[in-house]
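# Working through the structure, step by step
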Amino acid sequence: MSKKIKKILIGTPIHQVKDYSMERWLKSVSELEYPADFLMVDNSPGYDYVEKVKDYCRKYNITNYKLEHLEINQELGADQRIGRSREIVRQEILSKDYDAWFSWECDQILPPHTLGKLIELKDSGNFMMVSHNSWTREIPNQPMNAFGCALIGREPLEKYGFLLEYPDMPDCWHAGDVWFKKQILKGGGNYIEVSGIIKPIYHLEE
Amino acid sequence: MKVLIGTPVHNKKDRAIKKWLRNVVKLTYPADILLVDSSPDLSYVDKIKGYCKKYKVKNCRIEHLEINQELGVDERTNRSREIIRQEVLSKDYDAWFSWECDRPIPADTLSKLIKMMKKEKYSIIHQIFGVLRVPIEFKISFDCTLVNRECLEKYGFLLEYPGMPDCWHPVGSWFKKQVVDDGGSYVEVYGTIGPIRDKGARKMKVLVGAAIHQVKDYGMERWLKNVSKLEYPADLLMVDNTSNPDYFKKVRKYCNKYAIRNYKLVHLSLDPDLHPDRKVEMSQEIIRQEILTHDYDAWFSWECDQLIPTDALDRLVSMMNSGGFMMVNHNGWVRDNPGITCTDFNVSLVSRKCFEKYSFLLQLSFDHSEIPKKWECGEIWIKKQVLKGGGSILEAEGVIDPIYHLSK
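Residues numbered from 1 in each chain as written. Chains lettered and ligands numbered in written order. Predicted model: local features only at pLDDT ≥ 70, side-chain atom pairs only at ≥ 80, totals over all residues. Heavy atoms only, no water.

## Remarks on the confidence of the model for chain B
Residues and elements named next belong to chain B. Spelled out, the test is: Each residue carries a pLDDT score, the predictor's confidence in it, ranging from 0 to 100. Should any heavy atoms of two residues lie within 4.5 Å, those residues are considered in contact.
On average, residues of chain B carry a pLDDT of 87, and 88% of them reach 70 or more. Scored below 50 in pLDDT, residues 363-368 makes five contacts in the model with residues more than four places away or belonging to other chains. Across the whole predicted complex the pTM is 0.81, and at the interface the ipTM reaches 0.72.

## Thoughts on the pairing of strand β6 (residues 144-148) of chain B
Residues and elements named next belong to chain B. The following threshold applies: Only protein chains enter the area calculation, which uses a 1.4 Å probe; residues under 20% of their type maximum are buried, those over 50% are exposed, and those in between are partly exposed. Here a strand is any run of E in DSSP of at least two residues, a helix any run of H or I of at least four, and the numbering for each starts at the N terminus. Only strands that DSSP links by at least two bridges are regarded as paired with each other.
Taken across its five residues, β6 has five buried, putting it largely inside the fold. Alternating residues of β6 divide into Cys144, Leu146 and Asn148 and Thr145 and Val147, and every residue in both groups is buried. For strand β4 (residues 95-99) and β6, the ladder comprises five bridges, and the chain directions are antiparallel. Counterpart to Ser98 in the pairing with β6 is Thr145. Pairing analysis gives three bridges linking strand β5 (residues 124-128) to β6, with the strands arranged antiparallel. Pairing of Ile124 across the sheet is with Val147, part of β6.

## Describing the interface of chain B and chain A
For clarity, the cut-off: Throughout, buried area stands for the accessible area (probe radius 1.4 Å) lost by two parts on being put together, summed over both. Just to be clear on terms, a salt bridge is a Lys or Arg side-chain nitrogen sitting within 4 Å of an Asp or Glu carboxyl oxygen. Whenever two N or O atoms come within 3.5 Å, that pair is a polar contact, provided that in protein one can donate a hydrogen and the other can accept it, and provided that, for residues adjacent in sequence, both atoms are side-chain atoms. Charged residues are taken to be Asp, Glu, Lys and Arg, nonpolar residues to be Ala, Val, Leu, Ile, Met, Phe, Trp, Tyr, Cys and Pro, and polar residues to be all remaining types, Gly included.
Taken together, the contact pairs 21 residues of chain B with 21 residues of chain A. Together, the buried faces of chain B and chain A total about 1,900 Å²; carbon and sulfur atoms form 51% of this surface. Together, Gln86(B), Lys154(B) and Glu160(B) form the three largest contributors to the area buried by chain B at its contact with chain A, with a combined 30%. Connecting chain B to chain A are five salt bridges. Linking chain B with chain A are twelve residue pairs in polar contact (both at pLDDT 80 or more). Those elements giving two or more residues to the side of chain B that touches chain A turn out to be α3 (73-90) and α5 (149-154) of chain B. Here the side of chain B that touches chain A gets eight residues from one element, more than from any other, and that element is α3(B). Residues of the side of chain B that touches chain A, tallied by class, amount to eight nonpolar, three polar and ten charged.

## A few points about the environment of Met320(B)
All names here are of chain B. Residue placement: Met320 occurs in helix α10 (residues 312-321). Separated by 126 residues in sequence, Met320 and Gly194 have C-alpha atoms that sit 9.8 Å apart. Not counting residues up to four positions away in its chain, the partners in contact with Met320 are Met204, Phe325, Met326, Met327, Val328, Leu349, Val350 and Ser351.

## Some details on a positive patch on the surface
Put simply, the rule reads: Only residues above 30% relative accessible area that lack a salt bridge enter a patch, with like-charged residues linked at up to 9 Å and the nonpolar side chains Val, Leu, Ile, Met, Phe, Trp and Tyr linked at up to 5 Å. All accessible areas in this document rest on Shrake-Rupley with a 1.4 Å probe, and a residue is counted as covered only by the protein chains that are shown. Counting rule for charge: Lys and Arg are taken as positive, Asp and Glu as negative, and neither His nor the chain ends is counted. One atom stands in for each charge, and that atom is NZ of Lys, CZ of Arg, CG of Asp or CD of Glu.
Side chains of Arg15(B), Lys18(B), Lys19(B), Arg22(B), Lys26(B) and Lys54(B) sit close together on the surface and give a patch of like positive charge. It is helix α1 (residues 14-26) of chain B that contributes the most residues to the positive patch, five residues altogether.

## Quick look at the nonpolar core
Applicable threshold: Nonpolar core, defined: a set of buried Ala, Val, Leu, Ile, Met, Phe, Trp, Tyr and Cys residues in which side-chain atoms within 4.5 Å join the residues together.
Grouped together as the largest cluster of nonpolar side chains are 82 residues, with contacts concentrated most on Phe97(B), Leu110(B), Trp223(B), Leu224(B), Met238(B), Phe300(B) and Leu349(B). In terms of residues, this core owes the most to one element, α10(B), which gives six residues. Excluding residues that lie within four positions of it along the chain, Met238(B) makes contacts with Ala210(B), Ile212(B), Trp223(B), Leu224(B), Val251(B), Cys255(B), Tyr263(B), Lys264(B), Leu265(B) and Val266(B). Counting 51 residues, the second largest nonpolar core, distinct from the first, contains Ile88(A), Phe147(A), Val147(B) and Phe157(B).

## A word on the packing of α1(B) against helix α2 (residues 43-54) of chain B
Residue and element names in this part refer to chain B. Condition: Note on definitions: angles span 0 to 180 degrees between N-to-C directions of axes, and those axes are lines fitted to C-alpha atoms, for helices only across the stretch in contact. Any angle that is under 35 degrees is reported as roughly parallel, and any over 145 degrees as roughly antiparallel; angles of 65 to 115 degrees are reported as roughly perpendicular and all others as oblique. In a left-handed crossing the near helix is turned counterclockwise from the far helix by less than a right angle, and in a right-handed crossing that turn is clockwise.
Where α1 meets α2, the closest approach of the two axes is 10 Å, and the angle between their N-to-C directions is 30°. Relative to α2, the element α1 is oriented roughly parallel. Considering the relative orientation of α1 and α2, their crossing is right-handed. Here Asp14, Ile17, Lys18 and Leu21 of α1 lie close against α2, whose contacting residues are Tyr44, Lys47, Tyr51 and Cys52. A class-by-class count of the residues in the contact of α1 with α2 yields five nonpolar, no polar and three charged.

## Digging into helix α3 (residues 78-95) of chain A
All names here are of chain A. This is how the line gets drawn: The span expected for a helix works out to 1.5 Å for each residue beyond the first.
Under the 1.5 Å per step criterion, the end-to-end length of α3 is 26 Å for 18 residues, consistent within 8% with the ideal 26 Å. A large share of α3 lies buried, amounting to 15 of its 18 residues. At the C-terminal side of α3, Asp97 shows a positive phi close to 60°.

## Description of the pattern of salt bridges
According to the stated counting rule, one finds 45 salt bridges over all chains in the structure shown. Two residues, Asp97(A) and Lys154(B), come together in a salt bridge whose shortest N-O distance is 3.4 Å. One end of the pair, Asp97(A), is in the loop between α3 and β4 (100-104); the other, Lys154(B), is in helix α5, on a second chain. The salt bridge involving Arg154(A) is made with Glu158(A); its shortest N-O contact spans 3.0 Å. Here Arg154(A) and its partner Glu158(A) are both found in helix α5 (residues 154-159), four residues apart, which amounts to about one turn of the helix. Glu158(A) carries the same exposure label as Arg154(A), and that label is buried. The network of salt bridges with shared partners includes Arg84(A), Glu165(A), Glu75(B), Arg79(B) and Glu160(B).

Below, the structure is given as structure tokens:
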């Protein structure tokens, strides 16, 4: 019997500062084997960058995508911009009945089988989330476990969000990601963090 | 039901908050409280803590949201609501009671809303205080509103969500629309919720009463087929105000075709030039007389161009019993424009008590200045009289689904 295809949304906050990698990343998205819808939330200043990204999508024949623009004060910083953009992604997942969110940072180049592999890993233990480690962009020998390549099930997204102002937010790098993981465990859930299963992963610096 | 009272607060509302906290301790339903303060600094949190101590408010937590005050009240309020939403979802609450800190309410309001939500499984119940809002719009201010957990799992309160309307209370409007479009239900309560009728009570005797006219013949046969399949036992009275007497016979043929026996068909001969609204009101007055003289408990007002599920009347009766309402009005949409909500008596259950006091003939009103100059003015007028007289009304959306308003 064939396995039921899961309804997945690739949801990614984007910003013009990552334009150096955007075209290569979209090419990587277009080569993904597992069928998935695609939502980008652009939090750059103004609408110009949206048009540029649309051109890239056209170039790589990406058609089933949505591109939303979040107008936000740039001085609030990257964490705030990303958190608010993720909330828009979360809203899309919850309201459109997606089974999971494939969080894929727009500076990471992944192999085409990545999503299929993440689904396999998640299903293997009925985990709420699978997060695949890569390394810090600036220091390649330092591992990083933010949501750069992660598959997050619908269930924790129904309960927890990504706003930085939630109570008990830790004061650290990737605070929103750390807090989210903590809530999953506090709520009796589970997740796995894996390294080296999906390779190669290129975290682009330039 | 585990309920969180979650309220955004701000030092600008300091004058109201003391009174509100005194109101909180009087609530008859035990609930936890989360206040989210979005004032410019932390000093107001300490002040509220002092009030809580003074008024012996228990189970109350206060969080401070540090936010740029220039972003405006909508941004502050909705970001505070997101913190409340997070608390409801992560701490396994069944519902959020959104209660603005400048809104005094009777002590049993929450317990009544909870009983209604449990009984009828509504997604959102909004208690309205003050004026009748006609027509009902995709607008909700969350000032005294019980929201079930399921809605909060799917929808949030950020102003930047795609599709946010450009209006007052945009997030409220957006939130409500998502819930109803997604198959949820939204009800507004006007007036005081009465006692819940128990299950063993006598079954309500209902008359389905409709004004008909041959201009609606395009839908008549389908409507009568729908009437014949209604599950709740009810008699049928049609008042035909067509000038053409032949139409009367055509309707009889439809009734025969669908084996409808327990019906009355009255022909009302009126001046053909009379305004259609007046014709409808006169027809409705005949229905009213039938209800009063034949001991009916309620009138099921069902327009002859609307197709509804076969259990619709059962739902309306159950809704009326859930809070002793004098009228339950289920909204549909305008026939020619499905984007506009229609609040007239298209699918409504009106209790006998209402008709004992108020009539449809507008010339019987003592004060003509009160008759609104709007569509369905007689119906708005009756609703107003019900509220003025201390009665209560339930306006609902999404509870009976689907409703087809035929236009051809």
